[in-house]
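Below are the chains, spelled out letter by letter.
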Amino acid sequence: MKKHLGTFGLLLSLLVICTGLAGGAYGADPIVIGVPTSTGFLEGREGLAIVHMAVEEINAKGGVKVGPERRKLVVESIDIRDAAPGVPVPEALLGLEKIILEKKPTALLIGPFRSEALLAGMDIIAKYKVPMIGTIAMTPASEEKIKSDPEKYKYIFRTCLNARYLVRYLIGIMAYVNEEFGFDRVYIMNQDVAWARATADLIKKNYFAEKGWTVVGHEAYPTGTSDFSSALMKIRAGGAQVILPIFDMPQSGILVKQWNAMRVPALLAGFISPLAGPGAWRTFDGKIGGAVNCNFELGSAIASQKVPQSVDFYASYAEKFGRPMEAGHGPAPTYEAVYILAEAIERAGTLDPDAIVAEIKKTDRVGVMGRIRFDEGHQAIFGMDPNEAAVACVFQWSEQGDRINVYPESIADGKIMLPPGLKSAK
Amino acid sequence: MFAGTVVYAVINSVILLLMAIGFNLTFGISGVSNFAYGALYILAAFSTWMLMNLIGVPYFASAILSILFTALIGALMYRFIIMRVRGQVLSEVIATFGIGLAILEFFRYLGFVGIEYSLPVFVDHSFLIAGTYVDMQRILILVASVVLIALLWVFIHHTSIGLAFRGIAQDERTALTFGVDSDYIAMLSVAIGAGLAAIAATVIVPLGTISIEKGYDVLLNALAVCIIGGLGSTGGVVVASLFVGFAQRFTDTYMGSHYTMIVSLVAILLVLVVKPSGLFGKQKELEERI
């Protein structure tokens, strides 16, 4: 009996020791990642899901090494609703402050949708000294604010495309169709919101005016517009060869349907958020063949065989959630942001915010969007080659429902094909 | 261009009419301002989508089931909530707006955001009318609204329930003395109004996608048209829809799309200043104020 008791005691001791060791590995408090964003919108919903996905991947490998110990990541989120019409910026900021004060996050990811909320929120982030990697709001004004007081605003970074880079990509596409087909008559249609207005105006001023294009018309549509027939009639009457749409509202899908139904002989090439994901083919009953769309980041609902990480990311998301990604803006930079943060914490070896931001700034990582480095304004650098910089991806819907990458050339799988009824001007 | 604008103005007017007719009918009969109207429109659209995509019910059967379901929700809404506050206008507005908000935000909470939520068009074809291509779905909307208005007229004027509707609308107390159950009729009016919102959703949603924000737009459009036409006046709603529909399309074509949003607001302001009860409204209390 005594022998048995001794064996039992020995086993019990071993169990306690093993449990203690295991506990030592994960015993430290987890690192809290805060996600304050508009979770009721597609980009926010998918972004939050991707943060969870990346965190699970990191935790499965043992978590993040902070000095001598490994610590797990946990995600806390709040819906700040800044993307919803009519929600004032101060209300969104309350949500931002609430998550900082109540959840004590080590860092924030995704952040506000609307640039106005980001700009106002930067002061709150600076006040509480919480590093934030934004992945939705696109205003370059935040970079200017950081440059104006680098010490105060050093906590804010952005991995997604900004409006300035978007202009470059859209100009690139316009130059492409000009060179390839001789098109030089354009009709600009943009949503009447700050980023879309600024993007349209910059392209008009910096490209169309300089290169001698004829701008047949330029219309700004209030958010919620649900009939585009007038503009489409003007496009037909004015002989525009290219329609440049810039919209992120769900109702812009109506434009695509009307463009098809009214058989407008012009190439639709720009950004319409409902066209970004693979589900668009079914949503629009297969009537989007020929439309050209710019997804803001490679990996955001579009992948390229030339960047294998983007293919893996796209497939992992579909496998984990049982449905493909649909948001053409946000998912890829959000995924990258989690890894950038985790790597920065490991390099810093501490959760001190100043040490973390110093390491985030040194980021040089090749991921799903290409190579990511930050500039002086803490903006991820975008370019045309994924080996050199992050890239956006312009694709064209084929008549068979495939998405063919057409720009930039480094990730292109094909050339732009003109839809039926539209002939080259060359 | 002018002829094309006229064609699309007619279609736009009819869409506005379809969006407003249910709201107007409910108010005209029971006096209930159903501010959950836009949410019921979205509820019907999502119900159709769910029946088709999650359960596999054929499109037309899904649409009919959704219309009946939405009408039932309208009836339950009246029976359990609106009936308790009926007659207290502010309470009615707060209660129905709250219900609408709850329905819309519940869909958002469930994750019904994204572009995959759309309904297919009935017939995929375009016709050349007055030099402009018009798709079959818009023509169907035109036909559906004419048929709907005709059926409503027959229902209101030639059925016993329709006569009870008119009785309650004209003088509720007198109708009561004739044995008309005003609560039952008011419940029916809310249910039929909800059903009309669902019919509007069934024919209009295939033009685009289903988005939660559209619920608020539909309510605002319905309110604008009803205020301009005169709350409760069917003829007024028809005229106001034509007025706003034409004004919006011609403003879009000849002035600029960003002015279209203020067209209905300016019209509301003008009507409130000149004729507060609306173009065909008969609310003497309002008329006597100017």
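Remember, predicted model here, so these are calculated numbers, not experimental data.

## With respect to the overall build of chain B
Inference 1: Across its full length, chain B holds 12 helices and two strands.
Inference 2: Along chain B, helices and strands appear, N-terminal first, in the series α-α-α-α-β-β-α-α-α-α-α-α-α-α.
Inference 3: Scaling as 2.2 N^0.38, a compact globule of 290 residues should have a C-alpha radius of gyration of about 19 Å, and chain B matches this with 19 Å.
Inference 4: Once the C-alpha set of chain B is aligned to its principal axes, its extents read approximately 55 × 50 × 35 Å.
Inference 5: Residues classed as buried in chain B amount to 51% of the 290 residues present.

## Quick look at the interface of chain B and chain A
It is common to report an interface's size as the accessible area lost on association of the parts.
Inference 1: The interface of chain B with chain A comprises 32 residues on the first partner and 34 residues on the second.
Inference 2: Counting residues per element, the side of chain B that touches chain A draws most heavily on helix 1 (residues 2–30) of chain B, which supplies four residues.
Inference 3: Looking at the side of chain B that touches chain A residue by residue, the class counts come to nine nonpolar, 15 polar and eight charged.

## Some remarks on the pairing of strand 11 (residues 267–272) of chain A
Residue and element names in this part refer to chain A.
Inference 1: In terms of burial, strand 11 is a largely internal element, six of the six residues being buried.
Inference 2: Judged from the four bridges that link them, strand 10 (residues 242–247) and strand 11 form a sheet pairing that is parallel. Within the sheet, the bridge partner assigned to Val-242 lies in strand 11 and is Leu-267.
Inference 3: Read from strand 10 through helix 9 (residues 253–261) to strand 11, the crossover connection turns out right-handed.

## Overview of the pairing of strand 5 (residues 107–110) of chain A
Across a regular strand the side chains alternate sides, sitting on one face of the sheet and then on the other.
Residue and element names in this part refer to chain A.
Inference 1: Two strands pair when backbone bridges link them, and strand 1 (residues 31–37) and strand 5 are joined in this way by two bridges, in the parallel orientation. Its bridge partner being in strand 5, Gly-34 is matched across the sheet by Leu-108.
Inference 2: Note that strand 5 and strand 6 (residues 132–134) share three bridges and pair parallel. The residue bridging Leu-109 from the neighbouring strand is Ile-133, located in strand 6.

## Observations regarding the domain arrangement of chain A
Residues and elements named next belong to chain A.
Inference 1: Domain annotation of chain A identifies domain 1 (28–161 + 307–372) and domain 2 (164–295 + 392–411).
Inference 2: Once you take the C-alpha centre of each, domain 1 and domain 2 turn out to be 30 Å apart.
Inference 3: Contacts between the two partners involve 12 residues from domain 1, matched on the other side by 14 residues from domain 2.
Inference 4: When the residues that make up the side of domain 1 that touches domain 2 are grouped by side-chain class, the tally is eight nonpolar, three polar and one charged.

## Side note on the sheet that holds strand 5 of chain A
All names here are of chain A.
Inference 1: Pairing is parallel across the open sheet formed by five strands, whose spatial order is 4-1-5-6-7. Strands with a single pairing partner mark the edges of an open sheet, and in this sheet they are strand 4 (73–79) and strand 7 (156–158). When the angles between neighbouring strand axes are averaged without regard to direction, this sheet yields 25°.

## Quick notes on the packing of helix 2 (residues 37–55) of chain B against helix 4 (residues 89–109) of chain B
Residues and elements named next belong to chain B.
Inference 1: At a closest axis distance of 8 Å, the pairing of helix 2 and helix 4 adopts a crossing angle of 35°. Handedness of the helix 2/helix 4 crossing: left-handed. Across the interface between the two elements, Gly-38, Ala-39, Ile-42, Leu-43 and Phe-46 from helix 2 touch Gly-100, Ile-103, Leu-104 and Phe-107 from helix 4.
Inference 2: Partitioning the contact of helix 2 with helix 4 into residue classes produces seven nonpolar, two polar and no charged.

## So, the packing of helix 1 of chain B against helix 9 (residues 213–229) of chain B
All names here are of chain B.
Inference 1: As a packed pair, helix 1 and helix 9 sit with axes 8 Å apart at the nearest point and diverge in direction by 70°. As summarised for this structure, helix 1 and helix 9 are arranged roughly perpendicular, according to the angle between their axes. Here Leu-16, Met-19, Ala-20, Phe-23, Asn-24 and Phe-27 of helix 1 lie close against helix 9, whose contacting residues are Val-218, Asn-221, Ala-222, Val-225 and Cys-226.
Inference 2: Each residue belonging to the contact of helix 1 with helix 9 can be placed in one class, and the counts come to nine nonpolar, two polar and no charged.

## Some details on the nonpolar core
Inference 1: One finds Ile-173 of chain A together with Leu-40 of chain B to be the most contacted residues of the largest nonpolar core, which totals 221 residues.
Inference 2: Counting residues domain by domain, this core receives three or more from each of domain 1 (28–161 + 307–372) and domain 2 (164–295 + 392–411) of chain A.
Inference 3: Setting aside anything within four residues of it in sequence, one finds Ile-173 of chain A in contact with Ala-269, Val-292, Cys-294, Val-394 and Tyr-407 of chain A.

Each value, and the rule that gives it
Residues numbered from 1 in each chain as written. Chains lettered and ligands numbered in written order. Predicted model: local features only at pLDDT ≥ 70, side-chain atom pairs only at ≥ 80, totals over all residues. Helix = DSSP H or I, 4+ residues; strand = E, 2+ residues; numbered from the N terminus. Rg over C-alpha atoms; globule rule 2.2 N^0.38 Å. Buried ≥ 20, exposed ≤ 12 C-beta atoms within 10 Å, placed from the backbone. Contact = placed C-beta atoms within 7 Å. Nonpolar A, V, L, I, M, F, W, Y, C, P; charged D, E, K, R; others polar. Pairing = 2+ DSSP bridges. Right-handed = clockwise from strand over helix to strand, strands pointing away. Domains from an automatic or database assignment. Axes fitted to C-alpha atoms, helices over the stretch in contact; angles between N-to-C directions. Left-handed = near helix turned anticlockwise from the far one by under 90°. Parallel < 35°, antiparallel > 145°, perpendicular 65-115°, else oblique. Core = buried A, V, L, I, M, F, W, Y, C linked by C-beta atoms within 7 Å.

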